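Here are the chains, one letter per residue:
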Amino acid sequence: MPELPEVETVARGLRRTIVGRKIMSVRLGKTDFIDDPAALEQHLPGRQIEAVERYGKFMLLRLSPVESDGSPAANGDSAPAALLVHLGMTGQIAPNPASQPSEKHTHAFFLLDDNRELRYTDPRRFGRLAYLAAKALAEELQPFGADPLEITVEEFVQQARIRRARIKALLLDQSFLRGVGNIYADESLWRAKIHPARLGATLKKEQAATLHRALQEILKKAIQMRGSSISDFLGADGQPGEYQRHHRAYGREGKPCERCGVVIRRTIVAGRSSYFCPKCQPSPKGCTTLALPARVQAARAASKTAKPQRRKRRSNASRRPKG
Ligand SMILES: [Zn+2]
């Protein structure tokens, strides 16, 4: 599922391409992932897209109010409103020339005032579209915690250390931080050298502060690299992300830790696969590390007989040119 950096990548693409455009009409295909399809058809035409915001793991297309001769519109369209776009597992949203044939699994078409169509495509339909105005919008946003890029180190440290929850569960808890998922939680914990099953309450202040810094650095770097494309994530311009090449823990079970060479292992925390280095991120008591899968063990055994496991690092002296 797209996390903060992937959603930010899509939002940036949309900010460049559709802000300021007016929605002329709405056409829907399958609607089982749309909160109230009729509301989209009723309330979107005539509204201008004023801004595209990322909010946690979803986007809000902020819509201009509709004014009928200066007095508030009877149907509530004069209030602030937004189209919520959640990409789910396989959702994509991008503007295309209206004349261009649409991709398979395109379920929502928003005709814009420049003859382009903003199209939402989603083969698995785990995403969500919702028209939200005034109170409904406020209620939708209310349960979410701080943006991980905006939370201060003081607030993060204080919040993390009063919880009895495991730190990985805490990072995934959207009422604490909005937008962090499995990939960036594991990557941040690896960088901060904290085991995912540690209880927040057992972290030292310095450890929690290190985690705050690691999380922000990793999210910023991942945004720069347009997110991670691990299944079929594409930005609004159809380009995949690059950050998956920089993963140090996530999905690397059986591969050597890039810091110490020890094999990355997996455990289950908060019901999710969690990847960690057993040396850099020591396990708390009672946490079970899962056995390496048979195929990983076989591959490791084969590579051990083929070549020495660790090459000796050459000393600086031998690298220096002679004379
Ligand atoms: Zn390590």
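Whatever comes next refers back to the structure up there.
How would you summarise helix 7 (residues 205-224) if you had to cite specific residues and measurements?
For helix 7, built from 20 residues, the straight-helix expectation of 28 Å at 1.5 Å per residue is met to within 8% by its first-to-last C-alpha distance of 29 Å. Backbone geometry just after helix 7 places Arg226 at a positive phi near 65 degrees.

Let's hear about the coordination of the zinc ion: which residues, and what values?
For the zinc ion, the full set of protein donor atoms is Cys257 (SG), Cys260 (SG), Cys277 (SG) and Cys280 (SG), and the range of their distances to it is 2.2 to 2.4 Å. Of note is the zinc ion, whose four donor atoms meet at the metal with angles of 98 to 116 degrees in an arrangement that counts as tetrahedral. Each donor residue of the zinc ion lies on one chain, and together they are spaced C-x2-C-x16-C-x2-C. With a gap of 20 residues between them, Cys257 in the loop between helix 7 and strand 11 (265-269) and Cys277 in the loop between strand 12 (272-276) and helix 8 (294-306) connect regions that are remote in the sequence. Among the residues examined, Cys257 registers a relative accessible area of 3% and is labelled buried. Note on Cys277: relative accessible area 0%, which makes it buried.

Please provide a residue-by-residue account of the pairing of strand 3 (residues 58-63), values included.
Counting buried positions over the six residues of strand 3 gives five, a clear majority of the element. As paired elements, strand 2 (residues 49-55) and strand 3 share six bridges and run antiparallel to each other. Note that in strand 3 the partner of Val52 across the bridge is Leu61. Taking the residues that link successive antiparallel strands as the turn, the strand 2-strand 3 hairpin has two residues, and the phi of Gly56 there is positive, at about 60 degrees. For strand 3 and strand 6 (residues 81-86), the ladder comprises five bridges, and the chain directions are antiparallel. Opposite Leu63, over in strand 6, you have Ala81 as the bridge partner.

Can you tell me about the side chain of Asn182, naming the residues and giving the values?
Looking at the element boundaries, Asn182 is found in helix 6 (residues 182-192). Look at Asn182 and you get buried, because its relative accessible area is 8%. In this structure the side chain of Asn182 is engaged in a polar contact, spanning 2.6 Å, whose partner is the side chain of Lys168. Looking at Asn182, its side chain comes within polar contact range of the main-chain oxygen of Ser273, at 3.1 Å. In contact with Asn182, other than residues within four places in its own chain, are Glu3, Lys168, Leu172, Tyr250, Arg272 and Ser273.

Break down the pattern of salt bridges for me, with residues and values.
All told, the structure shown has 20 salt bridges when counted by the stated rule. Here Asp186 makes a salt bridge to Lys168, at a shortest N to O gap of 2.7 Å. Placement of Asp186 in helix 6 and of Lys168 in helix 5 (residues 167-172) is noted, with a sequence separation of 18 residues between them. Both residues of the pair, Asp186 and Lys168, count as buried. The salt bridge involving Glu258 is made with Arg252; its shortest N-O contact spans 3.6 Å. One network of salt bridges, in which partners are shared, links Glu8, Arg12, Arg15, Arg54 and Asp147.

Break down the environment of Asp113 for me, citing the residues and quoting the values.
With respect to the helices and strands, the residue Asp113 is situated in the loop between strand 8 (106-112) and strand 9 (116-121). Taking C-alpha positions, Asp113 is 6.0 Å from Met24, a pair spaced 89 residues apart along the chain. Each residue touching Asp113, except ones within four places of it in the same chain, is listed here: Arg21, Lys22 and Met24. One polar contact links Asp113 to Arg21, side chain to side chain, over a distance of 2.6 Å.

Scoring rules and cut-offs
- Residues numbered from 1 in each chain as written.
- Predicted model: local features only at pLDDT ≥ 70, side-chain atom pairs only at ≥ 80, totals over all residues.
- Heavy atoms only, no water.
- Helix = DSSP H or I, 4+ residues; strand = E, 2+ residues; numbered from the N terminus.
- Expected span 1.5 Å × (residues − 1).
- Donors = N, O, S within 2.8 Å, 3.2 Å for Na, K, Ca; no water.
- Tetrahedral: all angles 85-135°; square planar, octahedral: opposite > 155°, others 65-115°.
- Buried < 20%, exposed > 50% of the residue type's maximum accessible area, 1.4 Å probe, protein only.
- Pairing = 2+ DSSP bridges.
- Polar contact = N/O pair within 3.5 Å; in protein donor to acceptor, adjacent residues only side chain to side chain.
- Contact = heavy atoms within 4.5 Å.
- Salt bridge = Lys/Arg side-chain N within 4 Å of Asp/Glu carboxyl O.

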